[in-house]
Amino acid sequence: YKTSPGRQANSTEVVEESPQMILNRKATIVIEHMIQASDVAHTMQHWHVYRKWNTRLFEEMHRAYQQGRSSSGKNPADTWYQGELDFFDFYIIPLAQKMKECQVFGVTADQYLDYAKANRDEWHNRGLEIVAQMKMNVENNRPFSSMDDNNYDLNDDGDDVEDA
């Protein structure tokens, strides 16, 4: 809709979009989805990838809290479990659904959505225990990021990764 020149601000008329304008708008939406997904891609990948990056973010946030640099001033361990569930429910899964609905990403969009849902379910089942372990590790100066990725026990069930 477009306000017509010389008319009151509440007067509108339907403006026909050209095929090129429609294509450009759709391309813009796809690019916006890609930008949003690139920031949170770890949540839509294998469980061990999600855990690795989630743990590193937790460490960073906890370190900021310990050093008095946290914007909230609160220990992230107090809200991490529920925060992740909310993040999946209100941002990650809806974003993965939008990526699937735009029909540009093919089977990859199905995988993103499936991994997002699976990671959300796994977090629901194991997140409290994981947060307690992450909190203990950072408080004992045993952060994940200082350990060899291959030797760190993520308590992964290994269903999606072959043992070395």
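Note that this is a predicted model, so its numbers are computed, not measured.

Participant: Can you walk me through the packing of aromatic side chains in this structure?
Facilitator: How two aromatic rings sit relative to each other is set out by the distance from centre to centre and by the angle between their planes. Inspection of every chain in the model, using the stated rule, returns six aromatic pairs. Note on F58 and W80: the rings are 5.2 Å apart at their centroids and 85° apart in plane angle, and the pair reads as edge-to-face. Of the two residues, F58 is situated in helix α2 (residues 47–66) and W80 in helix α3 (residues 80–101); the sequence distance between them amounts to 22 residues. Residue classification places F58 among the buried positions, given a relative accessible area of 0%. Classification of W80 as buried rests on a relative accessible area of 10%. An aromatic cluster is present here, built from W47, Y50, Y81, F88 and W123 joined pairwise through their rings. Stacked on the ring of W53, the Lys or Arg R56 has its end atom at 5.1 Å from the ring centre.

Participant: Hey, could you run me through α2 in this one?
Facilitator: Given 3.6 residues per turn, any residue in an α-helix points the same way as the ones three and four places further on. Over its 20 residues, α2 runs 28 Å from end to end, which matches the ideal 28 Å to within 8%, given 1.5 Å per residue. All buried positions along α2 are accounted for by W47, V49, Y50, R51, N54, T55, F58, E59, H62 and A64. Check the buried side of α2 and you find it contacts α3 and α4 (107–139). Among the residues trailing α2, G68 stands out with phi positive, at a value near 75°.

Participant: Can you walk me through the packing of α3 against α4 in this structure?
Facilitator: Each pair of packed helices can be described by the angle between their axes along with the distance between the axes. Packing of α3 against α4 leaves a shortest axis separation of 9 Å and a crossing angle of 175°. The pairing of α3 with α4 is recorded here as roughly antiparallel in orientation. Considered class by class, the residues forming the contact of α3 with α4 number 16 nonpolar, four polar and six charged.

Participant: Help me understand the layout of surface pockets in this model?
Facilitator: Within this model, the second largest pocket holds a volume of roughly 220 Å³. Lining the second largest pocket, in full, are M61, A64, R69, S70, S71, S72, K74, N75, P76, T79 and W80. Per-class residue counts for the lining of the second largest pocket are four nonpolar, five polar and two charged.

Participant: What is the right way to look at the pattern of salt bridges in this model?
Facilitator: Opposite charge on two side chains lets them pair, provided their charged atoms get close. Applying the stated rule across the entire model yields four salt bridges. A salt bridge links K100 to D110; the shortest N-O distance between them is 3.3 Å. Of the two residues, K100 sits in helix α3 while D110 sits in helix α4, which places them ten residues apart along the sequence. With a relative accessible area of 40%, K100 lands in the partly exposed category. The residue R126 makes a salt bridge to E122 at a minimum N-O spacing of 2.6 Å. Separated by four residues within a single helix, R126 and E122 lie in helix α4, roughly one turn from each other.

Participant: I'm lost on the packing of α2 against α4 in this one. Help?
Facilitator: Close contact between α2 and α4 brings their axes to 10 Å; oriented N to C, the two are set at 40°. When the axes of α2 and α4 are compared, the pair comes out oblique. Once α2 is placed against α4, the crossing between them reads as right-handed. In this structure, α2 contributes W47, Y50, R51, N54, T55, F58, E59, H62 and Q66 to the contact, and α4 contributes N119, E122, W123, R126, I130, M134, K135, V138 and E139. Tallied by class, the residues present in the contact of α2 with α4 amount to seven nonpolar, five polar and six charged.

Rules and cut-offs
Residues numbered from 1 in each chain as written. Predicted model: local features only at pLDDT ≥ 70, side-chain atom pairs only at ≥ 80, totals over all residues. Heavy atoms only, no water. Phe/Tyr/Trp six-rings, centres within 6.5 Å; stacked < 30°, edge-to-face > 60°. Helix = DSSP H or I, 4+ residues; strand = E, 2+ residues; numbered from the N terminus. Buried < 20%, exposed > 50% of the residue type's maximum accessible area, 1.4 Å probe, protein only. Lys NZ or Arg CZ within 6 Å of the ring centre and 35° of its normal. Expected span 1.5 Å × (residues − 1). Contact = heavy atoms within 4.5 Å. Axes fitted to C-alpha atoms, helices over the stretch in contact; angles between N-to-C directions. Parallel < 35°, antiparallel > 145°, perpendicular 65-115°, else oblique. Nonpolar A, V, L, I, M, F, W, Y, C, P; charged D, E, K, R; others polar. 1 Å grid on protein atoms, 1.4 Å probe; cavity = no way out; pocket = protein on both sides within 12 Å on 5 of 7 lines; lining within 4 Å. Points joined across faces, edges and corners; volume = space filled by probe spheres on them. Salt bridge = Lys/Arg side-chain N within 4 Å of Asp/Glu carboxyl O. Left-handed = near helix turned anticlockwise from the far one by under 90°.

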